[in-house]
Every structure is written in C-alpha cells, then in structure tokens.
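Coordinate analysis (summary)
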Amino acid sequence: MTTTAPTAPAASTLLEGRPLLLAVIALAMGGFGIGTTEFTIMGLLQEGAVDLGVRNQDMGLMISAYALGVVVGAPVLTALGARVPKRTMVLWLMVVFTLANASSFFAPTYEVMVFTRFLSGLPHGAYFGLAAILASTLVPPTKRGRAIAWIMLGLAVANVIGVPLFTWLGQQLGWRSMFLAVALIGVLTWISIRTFVPFSPAHADASIRRELTALKSGGVWLAICTGIVGFGGFFAVYSYISPILTDVTGLPIEVVPLVLGLYGLGMVVGNLVGGRLADWSVFGSLYISMTSLTIVMVVFGLVSPIPWLALIFVFIMGGVGSLLAPGLQSLLMDSAPKAQSLAASLNHSALNIANALGAALGAAVINAGLGYQAPAYVGAMLAVGGLVLALVSGFVHRRKTARAA
C-alpha cells in the first residue's frame, strides 16, 4: 500500500550526513521549547495562582489562552508570511515566541499574563508547519515522513525532559523562571536555525491568496476533521490521566510525574515509528494509528485498576497517540500541494481543538457519575470516528487520483 505524494519545492541545498542532522536538530529544538512552555504551565498552576492572587481554576484560562493563540496564529501568520522565505519566517516566529515568553516573566497582573500566554501560542502552529516543510525539502521524498517526525520529536522530548525539568526549576526558583528559561531556548533555537538550516527563496508564485486556496480543498478539511476527532479521543484520557492514576490505579500523587515521563517516552517511540509508517503509506499510517488507538483506549479502561498493566498502557498510549502526527501532517501537505505552508500549520490548530473537545467530553462523562475509567471509552469512540473519517479521506483521494489518471 503506497501513496504518491507531491513534494515541496526543493531547497537550495539537499543536505546529507552531519549537516542534515544539525539542521533537523535546530528545527526540532524549537519544537522542544514550544512543547515545554505549553505543558509546563500545567504543573505550575498552584504556584502561579499564589503569585497572581487568583484561584487555581482561574489559572486554567492561561491554558485556554495559549490554545486560542495556536488556533488563531497558525492560519493567520502562515498566510501573512506567504511571500517570506520559509527559513526567514521561521526565524521571525522564534523571535515572537522568545519575546512573548520573556514578557510573561515581567507580566505585572493576571490579565496581562493571560494576554502574554495568548501571544506565546501564536507562533506554535505556524512554526511546526513551516519547520516540517523545511525539513522535508532537505531529504529525498522517500524520507519525508521521517523528517517530519524528527521535527515533532522536539515536542515529545519536551514531555520527557523539558516539562519535568522546568517544573522543578519553577518550584525552586519561582514559577516565572520557567518563562525566562524557555526564552533562552528560543534564542538558542534562533542561532541554530540561522547557522545550520540552508536558505531557500520563497516560491515565485507565493501569495496570501495562493495559501488561502488550501481552505478550498475538501481533502484538507477531511484531514483536519480526522485530526480533531482522532486526537480528541487521545486527549479525552490524557486530560485526566492524573486523577485516573491516583483514584483508579491507586498510585501516590508523587509518582504521577514519573509516569508522565513514561508517557513521554512512548511519544518519542511513536513519533519515530509514525515517520517510517508515513513514508511507507500516508493513509496506511492513519488507519493503523486510529485502529491501534481504539484498541489501546478500550484496554486501558479495563486494566487501569491494575498498577503494572496501567503503567504499560500509559507508555503504549503515548506511542500510538504519536503515531498519527507524521501521517496527518503529510496528508495535509498532500491535500494542498500549492498551499502546503497553510495546510501544514492547520495540523496544530486541529490538535488544539482536539484537546478542547477531548477534555470537554471526558469531563462530561465524569460529571455524569460514570467514573474516571469512562473517558477511556469515550476516547475509543472518538478514535473510531477518526478512523471512519480517515477511510473516507482515503476513498476520496483514490477517486480523485483515478479521475486525474
């Protein structure tokens, strides 16, 4: 089973060996910084609430503000930067990211802090979309999925190393210190990209109007809906993983950060495997990831009261959830070959909408008195919905290809 995909315009230099590795690491470093600032705040909500004089639940608005920034920034910044060379645009996005996180350190009030978190989210989706395209132009088309997976790997490594480390740093030196540390990562990323990622000019026909043609593609909207529904199933469980582990599995709360590190390791493995699957078949990778996610969610719901099995399936859940990302990113790029930048950036808008959808549905079944195992079954149903949408997308793609032939 193979899928022939149109490739992005070739970069001015096709890298090999060590230069390629350094270029990909430089781009992945930005993903590490973005993942760290996105998720570390969740572990420092209580410290932030005390500092700003608000309730813990008020601090949750910072998470929502960041997610809103991602949803808004991905299409808007990508479209506005259509005529800008991709490396230049990525560098500017990292400048915005760095300044926004630094401004959070100095935010004098709760309202200003919420606004700076919104600003921090603006570059998120555009950065990942453009970095994925940059990485894919540095390798042969047969290795595109693996290049995209390496960019996404920065986000996975952030969950293994960045989030625990920066949470500890915030607890020791004050929660605001996290923002300065992330800003430093932004500076190092800027220097690394400027040094190791080769420059290539913007497409001769690049324009805002050309990028917006992605929104006319039914394939793009099918891919977005696949990501929202499929990843929504994953977030239905992950949003409540801490109370599941303490109330259902019976683990002490002190162990939860270590278990989340185990989940992060699963993400690393899933990203790498997902990249190879996407190189083998874009649609095949989606079918496998959605089917696997459905099965894992059901089994996790059943075995979560058994500690050793619950730990194993936390790792597996992180892996199968991350299997989907490279294939979905590739599908979005294929669905809008003349507007790949905007299409690729929309992947992360979809993921943040999926986060909100999964968390809301998980909360609904918990509030209905069905217990903390219920979100796993909600997640399985959403994963089935994602599989159906992926099958429809594959069918539409095959018909379109047959008509073109």
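The coordinates are above.
This text gives an overview of the structure that appears in the document. (Residues numbered from 1 in each chain as written. Predicted model: local features only at pLDDT ≥ 70, side-chain atom pairs only at ≥ 80, totals over all residues. Heavy atoms only, no water.)

1. Side note on the pattern of salt bridges
When the charged atoms of two side chains with opposite charge come close together, those side chains can pair. Counted only if it meets this: The rule for a salt bridge is simple: a side-chain nitrogen of Lys or Arg has to be within 4 Å of a carboxyl oxygen of Asp or Glu. Numbering of helices and strands runs from the N terminus, with a helix taken as a DSSP run of H or I at least four residues long and a strand as a DSSP run of E at least two residues long. We call a residue buried when its accessible area falls under 20% of the maximum for its residue type, exposed when it is over 50%, and partly exposed in between, using a 1.4 Å probe and counting protein chains only.
Summed over the entire model, instances satisfying the criterion amount to 3 salt bridges. Salt-bridge contacts for Arg-176 lead to Asp-51; the nearest nitrogen and oxygen are separated by 2.8 Å. In this pair, Arg-176 is assigned in the loop between helix H6 (144-173) and helix H7 (177-196) and Asp-51 in helix H2 (residues 45-52), connecting sequence segments 125 residues apart. Overall, the relative accessible area of 16% leaves Arg-176 in the buried class. In this structure, the salt-bridge partner of Arg-144 is Asp-334, at a minimum N-O distance of 2.8 Å. One end of the pair, Arg-144, is in helix H6; the other, Asp-334, is in helix H13 (residues 307-335), and 190 residues separate them in sequence. Neither residue differs from the other here; Arg-144 and Asp-334 are each classed as buried.

2. What to know about the packing of helix H12 (residues 282-303) against H13
Selection criterion: Helix axes are fitted to C-alpha atoms over the stretch in contact, other axes to C-alpha atoms as well, and angles between N-to-C directions run from 0 to 180 degrees. Convention used here: angles under 35 degrees read as roughly parallel, angles over 145 as roughly antiparallel, angles from 65 to 115 as roughly perpendicular, and any remaining angle as oblique. The hand of a helix crossing depends on one turn: near helix anticlockwise from the far one by less than a right angle means left-handed, and clockwise means right-handed. Polarity classes work like this: nonpolar for Ala, Val, Leu, Ile, Met, Phe, Trp, Tyr, Cys and Pro, charged for Asp, Glu, Lys and Arg, and polar for all others, with Gly in that last group.
The N-to-C vectors of H12 and H13 enclose an angle of 155 degrees; their axes lie 8 Å apart at closest approach. Judged on the interaxial angle alone, H13 and H12 are roughly antiparallel. H12 and H13 meet at a crossing whose hand is left-handed. Looking at side-chain class alone, the contact of H12 with H13 contains 21 nonpolar, 6 polar and 1 charged residues.

3. Description of the side chain of Thr-36
Definition in use: Residues count as neighbours in contact if any of their non-hydrogen atoms are within 4.5 Å of one another.
Structurally, Thr-36 is set in helix H1 (residues 17-43). Exposure remark for Thr-36: the relative accessible area of 0% places this residue in the buried category. Excluding its chain neighbours within four sequence positions, the residues that come into contact with Thr-36 are Ala-158, Gly-162, Phe-166 and Val-182.

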